[in-house]
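# Secondary and tertiary structure notes
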Amino acid sequence: MITLFLTPFIIMGTGIVTSVGLVFGLYLLSGLGMAGIGMGVMHDAIHGSYSKNKTINTLLGYTFNLIGANATVWRIQHNVLHHTYTNIDHADDDLNAPYFLRFSPNAKHYWMHKYQHIYIWFFYSLATISWITTKDFVRLKRFRDMGLLNKKNEYNKALVSMSAWKLFYYCYALALPMIMLPVAWWVVLLAFLSMHFITGLMVSIVFQIAHIMPANEFPLPDDSGQMNNNWYGHQFATTTNFSPKSKILFWLIGGLNYQVEHHVLPDVCHVHYKDLTAIVSETAKEYGMPYNVKKSLFQAIKDHTKMLRLLGEKQNVSIV
């Protein structure tokens, strides 16, 4: 995946590409590698499950910086907040969205949410563009204000590092092709944006259909601030697998079609998920916990769309 991402940029950096169609094709090919890095390389590495060697995990975690995002922000947003507080409103950072999107039945309802199942795909396609521009900076500041970056100069160091990585990314992924390729600068810009549109849509769909589903629960703490379910039960109740028999999809998205296995065993490398499925599903059945799974990616997207429509039409959604 790293090779798939970098090779098109190396080719374009030589200046030998003269076809506009080939420029778009190379950017889109790189986008496939970008998605693969995000879901199959850095995701395991930042969880500490890619290798038993911490140094290797740290180095491969930086591949997220290489594609324009930020490993420090992702570690807090995903490992700490999402995996600890899955589907809990105001705690799971994946549920935090602009007012025109509603991902939880516990979030405030607005009239425009009635149409979110139609327009949300456009905003999904902006996901990685948001990462490489403003979102990481906004989240870094918010995490500092939450006390999650409280070591001496930790925030300032993270801010400088993030800015440097993003500048490096823009230089090799956008500026250099504009300089080297014998095509108009706006052609390169459009190809660059097309890469992010496709990648953003792919990544958003994979992560969202794992949790924003009709069968998933959106629990809230009781009056004392405590959750009524144990952590494992909570993960089973809020997560869904999809397309478990697709070997191609498993490879392309780093095993994230086995989201249940990932959420109950986040420190296990994704290559083992298929072998763990029988054990995890039987354990869920033994203890009376749900084991949600959709047979295909299409079915999962269909049910996710249904959930978005339900969240948009009603202020109080009955989740069954």
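Description of the structure in this document. Here the structure is a predicted model, which means the values were calculated and not measured.

### As for the packing of helix H7 (residues 127-145) against helix H8 (residues 154-180)
In contact at an axis separation of 11 Å, H7 and H8 are set at 175 degrees when each is read in the N-to-C sense. By the angle between their axes, H7 is roughly antiparallel relative to H8. Counting all contacts with H7, which are made through Trp131, Ile132, Thr133, Asp136, Phe137, Leu140, Lys141 and Arg144, the residues of H8 involved are Tyr155, Ala158, Leu159, Met162, Ser163, Lys166, Tyr169 and Tyr170. Considered class by class, the residues forming the contact of H7 with H8 number 10 nonpolar, two polar and four charged.

### Thoughts on the pattern of salt bridges
Within the structure shown, the criterion is met by six salt bridges. Where arginine 142 meets aspartate 93, a salt bridge forms, and the shortest distance between an N and an O atom there is 2.5 Å. One end of the pair, arginine 142, is in helix H7; the other, aspartate 93, is in the loop between helix H5 (71-84) and helix H6 (116-125), and 49 residues separate them in sequence. For aspartate 93, a relative accessible area of 2% puts it in the buried group. Here lysine 294 ties to aspartate 303 by a salt bridge, and the two come within 2.7 Å at their closest N and O atoms.

### With respect to helix H1 (residues 2-13)
Helix length check: H1, at 12 residues, gives a terminal C-alpha distance of 17 Å against a target of 16 Å (1.5 Å per residue), a fit within 8%. Every buried residue of H1 is accounted for by Phe5, Pro8, Phe9, Met12 and Gly13. All buried residues of H1 project into a common sector of 140 degrees when viewed along the axis, lining one side. Seen from the buried face of H1, the exposed residues on the opposite side, beyond 90 degrees, are Thr3 and Ile10. Lining the buried residues of H1 we find helix H2 (20-47), helix H4 (63-66), H8 and helix H9 (185-208). Following H1 by one or two positions, glycine 15 has its phi on the positive side, about 80 degrees.

How each quantity is defined
- Residues numbered from 1 in each chain as written.
- Predicted model: local features only at pLDDT ≥ 70, side-chain atom pairs only at ≥ 80, totals over all residues.
- Heavy atoms only, no water.
- Axes fitted to C-alpha atoms, helices over the stretch in contact; angles between N-to-C directions.
- Helix = DSSP H or I, 4+ residues; strand = E, 2+ residues; numbered from the N terminus.
- Parallel < 35°, antiparallel > 145°, perpendicular 65-115°, else oblique.
- Contact = heavy atoms within 4.5 Å.
- Nonpolar A, V, L, I, M, F, W, Y, C, P; charged D, E, K, R; others polar.
- Salt bridge = Lys/Arg side-chain N within 4 Å of Asp/Glu carboxyl O.
- Buried < 20%, exposed > 50% of the residue type's maximum accessible area, 1.4 Å probe, protein only.
- Expected span 1.5 Å × (residues − 1).
- Arc of directions from axis to C-beta.

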